[in-house]
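Structural features, examined
Below are the chains, spelled out letter by letter.
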Amino acid sequence: MRIGNREFDLTKGTYVMGIMNVTPDSFSDGGNFITRDAILFHAKEMVEAGADIIDVGGESTRPGYTKISDEEEIERVCPAIEMIKAEFDIPISLDTYKSQVANAGIETGADMINDIWGLQYDNDMGKLIADSGVAYCLMHNRSQVNEELELSDFLTHMDEDFKRSDAAGIFRDRILYDPGIGFAKTQEQNLLLIGNLDKMVAKAPVLLGTSRKSVINYVLDLPVNERVEGTLATTAEAVFSGVSMVRVHDVKENVRFIKMLERTREKWVK
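Let me begin by describing the structure that accompanies this report.

What counts, and where the lines are drawn
Residues numbered from 1 in each chain as written. Predicted model: local features only at pLDDT ≥ 70, side-chain atom pairs only at ≥ 80, totals over all residues. Heavy atoms only, no water. Helix = DSSP H or I, 4+ residues; strand = E, 2+ residues; numbered from the N terminus. Polar contact = N/O pair within 3.5 Å; in protein donor to acceptor, adjacent residues only side chain to side chain. Core = buried A, V, L, I, M, F, W, Y, C linked by side-chain atoms within 4.5 Å. Buried < 20%, exposed > 50% of the residue type's maximum accessible area, 1.4 Å probe, protein only. Lys, Arg positive; Asp, Glu negative; His and termini not counted. Salt bridge = Lys/Arg side-chain N within 4 Å of Asp/Glu carboxyl O. Contact = heavy atoms within 4.5 Å.

Here we take up the environment of Thr35. Mapped onto the fold, Thr35 is located in the loop between strand S3 (15-21) and helix H1 (36-49). For Thr35 and Met158, which are 123 residues apart along the polypeptide, the C-alpha to C-alpha distance reads 38 Å. Of the polar contacts made by the side chain of Thr35, one reaches the backbone nitrogen of Ala38; its length is 3.2 Å.

What follows is the structure, encoded as structure tokens:
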């Protein structure tokens, strides 16, 4: 898959997407990266730590988040994309479910759109992605939790999500699929999906986003700033299952962990 000026071989190894939240209210790092110096410093940290792509988000999507206008979101993300692009040779993903924001981001230089609603929120998003040629992250999400959701139901939903992207004209070789951990799922369902990533990988390239999320607190009972080890455990599941990319806050730790794990796996006796 081409994302920006880089080819990603989604069948070999697990890439790392670093999170850049230019928001005042994200659950983990809200308000940390809203000035020019803070944005560039954090981007430099992630690039030097080995991030393969940076995901810029301008609206928090934590549980109970406050929706902002397209204009405010554009004012947050476009300067950040422009600054990072000017300083670093790294692909940029834009985390938005709104077509106007996505369009502004693409015009500014975004190479990928990361859509938490998987073409279900904005009717114009599909055509925009199809026409623009950028890469796309299609996430599983629903309007409410279904406590009866089983793995087989989820896999059926996955097929339904791809029917939407097919109908929009988005080529499959431009899509990563995100199972949407933490979105419209119980914690036990989140764990079920993390434990069965290989079933999804058999159907499409997968991006996993679990970094510091509440499912880790559910198991370990730890505050947000103490969930690195829990995140790394889910990253291990991703690597063993053949997941193509993990979206994380702690880039350095995840890059080192994946590198070591992948090298030791090379030595396994088949």
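Attention shifts here to the nonpolar core. The biggest cluster of nonpolar side chains holds 61 residues, and the ones touching the most others in it are Met20, Ile54, Val56, Ile84, Ile113, Tyr136 and Met200. Sort the elements by how many residues they give to this core and helix H2 (residues 70-87) lands first, with six residues.

This part covers the side chain of Lys185. Summarising the element assignment, Lys185 is placed in the loop between strand S8 (175-178) and helix H6 (187-194). Of the side chains with opposite charge, Asp178 comes closest to the buried, unpaired Lys185, at an N-O distance of 7.4 Å. Polar contacts involving the side chain of Lys185 include one to the side chain of His140, which spans 2.9 Å. A distance of 2.9 Å separates the side chain of Lys185 from the backbone oxygen of Gly180, its partner in a polar contact. What Lys185 contacts, discounting residues up to four positions off in sequence, is His140, Val145, Phe154, Pro179, Gly180, Asn190 and Leu193.

In the structure shown here, the tally under the stated rule is 18 salt bridges. Glu72 is the partner of Arg76 in a salt bridge, and the nearest nitrogen-oxygen pair spans 2.9 Å. Of the two residues, Arg76 and Glu72 both sit in helix H2, four residues apart, roughly one turn of that helix. As a salt-bridge pair, Asp198 and Lys199 come within 3.7 Å of each other at their nearest N and O atoms. For Lys199, a relative accessible area of 35% puts it in the partly exposed group. What you see here is one network of salt bridges that share partners, running through Arg142, Glu160, Asp161 and Arg164.

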